[in-house]
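Architecture and fold: a report
Here is what each chain is made of, one letter per residue.
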Amino acid sequence: MFEVQAPSDTRLQTSSPTKMSTDQWGAQVYNAIKSESGLILALVKAHSPAGLSDSEIVKRFYAKVLQYCSDKPYLWQCDPTSGMKSAVTATEQGLDINIPNEAHLVPYSGKATLQRGYKGLLKMARRDPNLGIIKAVPVYGEDTFKHTEGAETNIIHEIDYALDDRGTLRLFYALAKSRSGEVYAEVMTVKEILAHAQKYVKASKGPFGGLNTQGVTHPNFIPYGRKTVLLRLINRQLDIHSAYAGAVHDENMIERGDEGLVQIQVSPPSEEEAND
């Protein structure tokens, strides 16, 4: 068992979601991490800086979860064990919940659920050995933009960086190019992104909370647009590599409001499972 420093209040032991302070929620995360520290270490060690002791790896992981959640009261009402599990899943996938637009924890059916941002999806997709380029980009009114389809797909996007104002946001595109030269592209207008948000964004909290009503004025509208067009490209045109298949499946399930997310199981298998 690896010791980590407990927060000031470690009295709460229940794993059911209840209203609590950040110290109380942190205490439950502490208890969850302490009870599973050996398994957590096995899962996150490969993604930790070299030279750290096992105890230091677990301490850093705990500190990372508390750092992320400390200013997000909406997560304190979620099952603390779910926050620990989602953070482990992010780490195992090589993502950092404390990097904006890489990975988020959002309240979902009483649990702190992992969602990947557009940066996280790009990071995972770029591990596909068959992909040479993949990107998701916003286009503004003063940009020059041309999208051609036919025997060959192509996008020309010219930006005049000398302009102080590139104009009104017009659309988003996602582009991928395989190492063998095939080009794949999807384009979505701002109107299409808004319609998508109105249909699928249900949360009032989290990075995209309220986006369905605030629209383009929402501070995370551009990250949402980039993620949405990127997922459309991946789902419609790319052969999803095992490096990120589970993550894409999760994002599609969350978008549809389905249960059954592909989260890692942070508990030892039962004796029956171990013998299967």
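Residues numbered from 1 in each chain as written. Predicted model: local features only at pLDDT ≥ 70, side-chain atom pairs only at ≥ 80, totals over all residues. Heavy atoms only, no water.

1. Let's talk about the pairing of strand 1 (residues 103-108)
How we decide: Between buried and exposed lies partly exposed: a residue is buried under 20% and exposed over 50% of the maximum accessible area for its type, with that area taken using a 1.4 Å probe on protein chains only. Segments assigned H or I by DSSP are reported as helices when at least four residues long, segments assigned E as strands when at least two residues long, and all are numbered from the N terminus. Two strands pair if DSSP finds at least two bridges between them.
With five of six residues buried, strand 1 is to be regarded as a mostly interior element. Here strand 1 runs beside strand 2 (residues 111-116); their pairing, made up of six bridges, is antiparallel. Across the sheet, Ala103 pairs through a bridge with Arg116, a residue of strand 2. Where strand 1 folds back on strand 2, the antiparallel hairpin that results is connected by two residues, among which Ser109 adopts a positive phi of roughly 55°.

2. Re the pairing of strand 4 (residues 144-148)
Pairing analysis gives five bridges linking strand 4 to strand 5 (residues 154-158), with the strands arranged antiparallel. Note that in strand 5 the partner of Thr148 across the bridge is Asn154. Between the end of strand 4 and the start of strand 5, which pair antiparallel, lie five residues, with Gly150 showing a positive phi angle near 140°.

3. Details of the environment of Asn98
Cut-off, in case you're wondering: By definition in these notes, contact holds between two residues if any of their heavy atoms fall within 4.5 Å. For the purposes of these results, a polar contact is taken to be a pair of N or O atoms within 3.5 Å, where, inside protein, one atom must be able to donate a hydrogen and its partner to accept one; residues adjacent in sequence count only when each atom of the pair is a side-chain atom.
Position of Asn98 among the secondary structure elements: in the loop between helix 5 (80-92) and strand 1. Among the residues examined, Asn98 registers a relative accessible area of 25% and is labelled partly exposed. Separated by 31 residues in sequence, Asn98 and Gln67 have C-alpha atoms that sit 7.8 Å apart. Leaving out residues up to four positions away in the same chain, Asn98 has contacts with Lys64, Gln67 and Tyr68. In this structure the side chain of Asn98 is engaged in a polar contact, spanning 3.5 Å, whose partner is the backbone nitrogen of Tyr68.

4. Concerning the sheet that holds strand 3 (residues 131-140)
So the rule is basically this: Only the contacting stretch of a helix is used when fitting its axis, a line to C-alpha atoms as for every element, and angles between N-to-C directions run 0 to 180 degrees.
As summarised here, the arrangement of the three strands in space is 3-6-7, forming an open sheet in which the pairing is antiparallel. For this open sheet the edge positions go to strand 3 and strand 7 (183-189), each flanked by a neighbour on one side alone. Strand-to-strand twist across the sheet, computed as the mean angle between neighbouring axes with direction ignored, equals 10°. Sheet topology places strand 6 (residues 169-178) next to strand 7; seven bridges connect them, and they run antiparallel. Looking at strand 7, one finds that Phe172 is bridged to Met188.

5. Details of the environment of Gly94
Mapped onto the elements, Gly94 comes out in the loop between helix 5 and strand 1. For the pair Gly94 and His47, spaced 47 residues apart in the sequence, the C-alpha separation amounts to 6.5 Å. Beyond its immediate chain neighbours, meaning those up to four positions away, Gly94 contacts His47, Glu102, Lys123 and Arg127.

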